[in-house]
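Chain by chain, the residues:
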Amino acid sequence: LEFYDCFLCGMRTGYIDYDARRRDPVIERSRAEAARRIQEIIASLNSGNYEHEDFIVMVRMEGADEMGITGGWLASSVSRELQTLSSHTIHHFALIAVTLRAQGIPVDASFGVAP
């Protein structure tokens, strides 16, 4: 969810820094709060003007600070960032599916599988 927050904030500024995401312990512990936040993100994505998917945004290189890279901004596009968010979400769904199956909870075979 925090990655989507970074994306949405970056759409206002033209600069996306996924490393600057703020961890929210409330959504980590409260399903109701996480569900509420998911609905907010969906509403934001649905209300956004993403018809110009080739619009260029600047994305900060992951771990730039740790590598001692000053700046570290790379050109990307809205469509590329949306695809990255989708892939990252599917990755987390796969982790959830593995955890649930390990606990004997049935999960649809397509959950967490990339298209």
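Heads up: the structure comes first, above all this text.
Think of each chain on its own: its residues are numbered from 1, step by step along the sequence as written. It should be noted that, the model being predicted, local features are given only for residues of pLDDT at least 70 and side-chain atom pairs only at 80 or more, the latter also being counted only at that level, while totals for whole chains, interfaces and linings use all residues. Side-chain numbers here rest on the full set of heavy atoms in the structure, without hydrogens or water.

1. Considerations on the nonpolar core
With 11 residues, the main nonpolar core is built from Y4, C6, F7, L8, I16, Y18, I41, V57, V59, V78 and L85. For this core, the secondary-structure elements that each account for two or more residues are α1 (2-13), β2 (56-60) and α4 (78-102). Runs of H or I in DSSP of at least four residues are treated as helices and runs of E of at least two as strands, each being numbered from the N terminus. With 4 residues, the top contributor of residues to this core is α1. Dropping the residues within four chain positions of it, V59 is found in contact with I16, Y18, G72, W73, L74, S76 and E81. We define a nonpolar core as any set of buried Ala, Val, Leu, Ile, Met, Phe, Trp, Tyr and Cys residues linked to one another through side-chain atoms lying within 4.5 Å. Relative accessibility thresholds used throughout: buried, under 20% of the residue-type maximum; exposed, over 50%; partly exposed, between the two (1.4 Å probe, protein chains only). Note on contacts: a residue pair qualifies if any of its non-hydrogen atoms lie within 4.5 Å across the two residues.

2. Examining helix α3 (residues 31-47)
Along an α-helix, residues three or four positions apart point the same way, because every turn accommodates 3.6 residues. Across its 17 residues, α3 extends 24 Å between first and last C-alpha, which sits within 8% of the 24 Å expected from 1.5 Å per residue. For α3, every residue scored as buried is listed here: A34, R37 and I41. Buried positions in α3, seen along its axis, are confined to an arc of 65 degrees and lie on one side of it. Turned more than 90 degrees from where α3 packs its buried face, A32, Q39, N46 and S47 sit exposed. Helix span, expected: 1.5 Å multiplied by one less than the number of residues in the helix. As used here, the arc is the angular range of directions from the helix axis to the C-beta atoms.

3. Comments concerning the packing of aromatic side chains
Aromatic contacts are taken between Phe, Tyr and Trp rings whose centres are within 6.5 Å, Trp giving its six-membered ring; a plane angle under 30 degrees counts as stacked, one over 60 as edge-to-face, and the others as tilted. If you walk through the whole model with that rule in mind, you get 3 aromatic pairs. A centroid spacing of 5.1 Å and a plane angle of 85 degrees characterise the contact between Y15 and W73, whose relative ring orientation is edge-to-face. Separated by 58 residues along the polypeptide, Y15 in strand β1 (residues 15-16) and W73 in strand β3 (residues 73-77) bring together distant segments of the chain. When its relative accessible area of 45% is taken as the criterion, Y15 is described as partly exposed. Here the aromatic rings of F93 and F111 are separated by 4.8 Å at their centres, their planes lie at 20 degrees, and the arrangement is stacked.

4. Details of the packing of α1 against α3
Direction vectors running N to C along α1 and α3 enclose 30 degrees, while the axes themselves pass 11 Å from each other. Considering the angle they form, α1 stands roughly parallel to α3. For α1 against α3, the interelement crossing comes out left-handed. The residues of α3 that touch α1, namely those facing Y4, D5, F7 and L8, are R37, I41, S44 and L45. Grouping the constituent residues of the contact of α1 with α3 by class yields 5 nonpolar, 1 polar and 2 charged. Between N-to-C directions, angles cover 0 to 180 degrees, with each direction set by a line fitted to C-alpha atoms, over the stretch in contact for helices. Convention used here: angles under 35 degrees read as roughly parallel, angles over 145 as roughly antiparallel, angles from 65 to 115 as roughly perpendicular, and any remaining angle as oblique. Each crossing gets its handedness from the near helix: less than a right angle anticlockwise from the far helix is left-handed, clockwise is right-handed. Each residue is assigned to one class: nonpolar for Ala, Val, Leu, Ile, Met, Phe, Trp, Tyr, Cys and Pro, charged for Asp, Glu, Lys and Arg, and polar for all the others, Gly among them.

Read these as geometric descriptors, not functional statements.
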